[in-house]
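# Coordinate inspection notes
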Amino acid sequence: MTYQATIADYRRTIDSAGAPWAAIDATSAARMRLQNRFPSGLDIARYTAKIMREDMAAYDADPAAYTQSLGCWHGFIGQQKMIAIKKHFGTTKKRYLYLSGWMIAALRSEFGPLPDQSMHEKTSVPALIEELYTFLRQADARELGGLFRELDKARDAGNEVEAARIQNAIDNHETHVVPIIADIDAGFGNAEATYLLAKKMIEAGACAIQIENQVSDEKQCGHQDGKVTVPHEDFLQKIRAVRYAFLELGVEDGVIVARTDSLGAGLTKQIAFSKEPGDLGDQYNAYLDCEEVDAASLGNSDVLISRDGKLLRPKRLPSNLFQFRAGSGEDRCVLDCITSLQNGADLLWIETEKPHIGQIGGMVRRIREVIPNAKLVYNNSPSFNWTLNFRQQVFDAWEAAGQDVSAYDRARLMSVDYDSTPLAAEADERIRTFQADSAREAGIFHHLITLPTYHTAALSTDNLAREYFGEQGMLGYVKNVQREEIRQGIACVKHQNMSGSDIGDDHKDYFAGEAALKAGGSANTMNQFAAA
């Protein structure tokens, strides 16, 4: 509904209410309604799920239409990211938010900093989703409030052309609310626990839930050792649970991202149940590292399986975990992905140990032999040493092509000594184009960085502490923070406005009229930034 139509709608409502509503202004009510486009988290989930589905279809038609996100651990961080995207690119299209379980564990748990092992409170996940959308909705209200002020100013000046331009901007305002891909880890328990948490996440606004095939109570960060996977049927039950949660809440377009950790997981907690040779359980068990035995050599409490008429003993560790055959990781990943897509997942996530297009693309090609439109969400992880990885990839490519690489020490390629070399320049170019190249060649629909704002917060705080507590003193803040905010047009330089002070003043006007005691008067020091 347009701005003017909304005002007219409220005028009719107020007129029909009669004298008791005589003090209610239709324009003010319309403005508040437009500033709160999404009354609930479910409204957000339905809206953003539709966006993701449209983006997935666009990618299927053209792999250049991939999407991106950054992980955000606080509502303010997510808000500032989307404000920056609108400022620099004019649109939020194809830009999402990512909610990282790692960052919740490290930054949002009541226990304090925790490793990424699902020890944080499960309720902190939907709480962060709700917080992120609260801040994004406030960004909408703030931006529209500024447009309303500009509209009033233009009309007061009698500038109808400018007023028409601003009204058009209001009618076509693009929201800061974008899809969130939210990490539910391994589901925090059994399928019922997964279903209950998924409902809370969807009710908070999540349209896409990422779930992994690790054992819930043994969960590890995707880039750490000691990962343990579950048989396929256990994982598929959780995928179904998430789908039922979406359908129960009326979010039919909800997106499930099925993550496999099999590439780095060499262990399983249980042997899969199998009814007959070749079924899914048997395929899972076929990857177990086994040795042929006879009855005379059995040990105390040995576990045995039968295959092809042979009696086999899976290798079991003192931890009571069973071991997979070395080198079976890629085959297990491919099977995980195919079965997940065949049982309700929409997108895949393959956790890898390095950002290598050839490795990722090879697995995706095998998956697409069975599921032609299979596509990935990929973790452009800060756990990778991108500089070293890509310099070594270039070194290996040059060496294979017969180029002279004697000027380079492969083990030392991270060194600053190589920063100005042709090899480093080519590596940087491959990093720059990695997302576009892998979207085209390896089926990656969505690129995300899981923990970027964790690292940027640490880096910027370190730089400020070094300057402010050192010889630079207050200049360390003014020169490197405030002056740059002003010159780069960072909205937060007017931090009172960003916190909602002007929105509050508008509401005081609506509620109290001439009696309103407003914060934005002549004595407000934020006026010093009027020209910023």
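Rules and cut-offs
Residues numbered from 1 in each chain as written. Predicted model: local features only at pLDDT ≥ 70, side-chain atom pairs only at ≥ 80, totals over all residues. Heavy atoms only, no water. Helix = DSSP H or I, 4+ residues; strand = E, 2+ residues; numbered from the N terminus. Polar contact = N/O pair within 3.5 Å; in protein donor to acceptor, adjacent residues only side chain to side chain. Contact = heavy atoms within 4.5 Å. Axes fitted to C-alpha atoms, helices over the stretch in contact; angles between N-to-C directions. Parallel < 35°, antiparallel > 145°, perpendicular 65-115°, else oblique. Left-handed = near helix turned anticlockwise from the far one by under 90°. Nonpolar A, V, L, I, M, F, W, Y, C, P; charged D, E, K, R; others polar. Core = buried A, V, L, I, M, F, W, Y, C linked by side-chain atoms within 4.5 Å. Buried < 20%, exposed > 50% of the residue type's maximum accessible area, 1.4 Å probe, protein only. Expected span 1.5 Å × (residues − 1). Pairing = 2+ DSSP bridges. Phe/Tyr/Trp six-rings, centres within 6.5 Å; stacked < 30°, edge-to-face > 60°. Lys NZ or Arg CZ within 6 Å of the ring centre and 35° of its normal. Patch = residues over 30% accessible without salt bridge, like charges linked within 9 Å, V, L, I, M, F, W, Y side chains within 5 Å. Areas by Shrake-Rupley, 256 points an atom, 1.4 Å probe, with all protein chains shown as cover. Salt bridge = Lys/Arg side-chain N within 4 Å of Asp/Glu carboxyl O.

## Here's the deal with the side chain of Arg243
- Here Arg243 is to be found in helix α9 (residues 232-248).
- Here Gly344 takes part through its backbone oxygen, which lies 3.0 Å from a polar atom of the side chain of Arg243.
- Excluding residues that lie within four positions of it along the chain, Arg243 makes contacts with Arg53, Glu252, Gly254, Ile256, Gly344 and Asp346.

## Description of the packing of helix α12 (residues 357-368) against helix α15 (residues 434-441)
- Packing of α12 against α15 leaves a shortest axis separation of 9 Å and a crossing angle of 25°. Between α12 and α15, the angle falls in the class roughly parallel. Along this stretch, α12 crosses α15, giving a crossing that reads as right-handed. Residue-level contacts link Ile357, Ile360, Gly361 and Arg365 of α12 to Phe434, Asp437, Ser438 and Glu441 of α15.
- Of the residues belonging to the contact of α12 with α15, the class tally is three nonpolar, two polar and three charged.

## What about the nonpolar core?
- Core analysis: the largest hydrophobic core is formed by 99 residues, its most contacted members being Met52, Leu99, Ile129, Met201, Ile202 and Ile367.
- Excluding its chain neighbours within four sequence positions, the residues that come into contact with Ile367 are Val334, Cys337, Ile338, Leu341, Leu348, Ile350 and Ala374.
- In this structure, Ala30, Phe148, Leu151 and Ile166 belong to the second largest nonpolar core, which totals 13 residues.

## A few points about helix α8 (residues 191-204)
- Taking 1.5 Å per residue as the helical rise, α8 with its 14 residues ought to reach 20 Å, and the 20 Å between its terminal C-alpha atoms agrees with that figure.
- Buried residues dominate α8, accounting for ten of its 14 residues.
- For α8, every residue scored as buried is listed here: Ala191, Ala193, Thr194, Tyr195, Leu197, Ala198, Lys199, Met201, Ile202 and Ala204.
- Buried residues belonging to α8 abut α3 (41-61), α6 (124-156), β3 (180-183), β4 (208-212) and α9.
- N-cap assignment for α8: the residue whose side-chain oxygen lies 3.2 Å from the backbone N of Glu192 is Asn190.

## Concerning the pairing of strand β14 (residues 444-449)
- Burial of β14 is extensive: five of the six residues sit out of reach of the surface.
- Relative to β14, strand β1 (residues 67-71) runs parallel, the two being bridged by four bridges. Looking across to β14, one finds that Thr67 is bridged to His446.
- As paired elements, strand β13 (residues 376-379) and β14 share four bridges and run parallel to each other. Within β14, the residue paired with Val377 across the bridge is His446.

## Topic: α15
- For α15, every residue scored as buried is listed here: Phe434, Gln435, Asp437, Ser438 and Ala439.
- Note on α15: the residue one or two positions beyond its end, Gly443, has a positive phi of about 70°.

## Considerations on the packing of aromatic side chains
- Using the criterion set out here, one finds 14 aromatic pairs in the structure.
- Consider the rings of Trp386 and Phe390, whose centres lie 5.6 Å apart with planes at 5°: the pair is stacked. Of this pair, Trp386 and Phe390 both sit in helix α13 (residues 386-400), four residues apart, which is roughly one turn of the helix. Each member of the pair, Trp386 together with Phe390, is buried.
- Here the aromatic cluster, defined as three or more aromatic residues joined through ring pairs, consists of Tyr378, Phe384, Trp386, Phe390 and Phe434.
- Arg95 extends its terminal NZ or CZ atom over the ring of Phe89, reaching a point 4.5 Å from the ring centre.
- Cation over ring: Arg332 sits above Phe324, and NZ or CZ is 4.1 Å from the ring centre.

## Focus: the sheet that holds strand β11 (residues 322-323)
- Sheet architecture is open: three strands sit in the order β5-β7-β11, paired in mixed fashion. At either end of the open sheet lies a strand with only one pairing partner, and these are β5 (228-229) and β11.
- Pairing analysis gives two bridges linking β5 to strand β7 (residues 267-268), with the strands arranged parallel. Bridge pairing links Thr229 to Thr268 in β7.

## Description of a nonpolar patch on the surface
- The grouping of Leu464, Tyr468, Phe469 and Met474 at the surface amounts to a nonpolar patch, some 440 Å² of accessible area in total.
- Tracing the sequence through the fold places Met474 in helix α17 (residues 474-488).

## Thoughts on the sheet that holds strand β10 (residues 310-314)
- Pairing in this open sheet of three strands is antiparallel, and the strands run β8-β10-β9 from one edge to the other. Strands with a single pairing partner mark the edges of an open sheet, and in this sheet they are β8 (290-292) and β9 (305-307). Strand-to-strand twist across the sheet, computed as the mean angle between neighbouring axes with direction ignored, equals 40°.
- Here three bridges tie β8 to β10, and the two strands are oriented antiparallel to one another.

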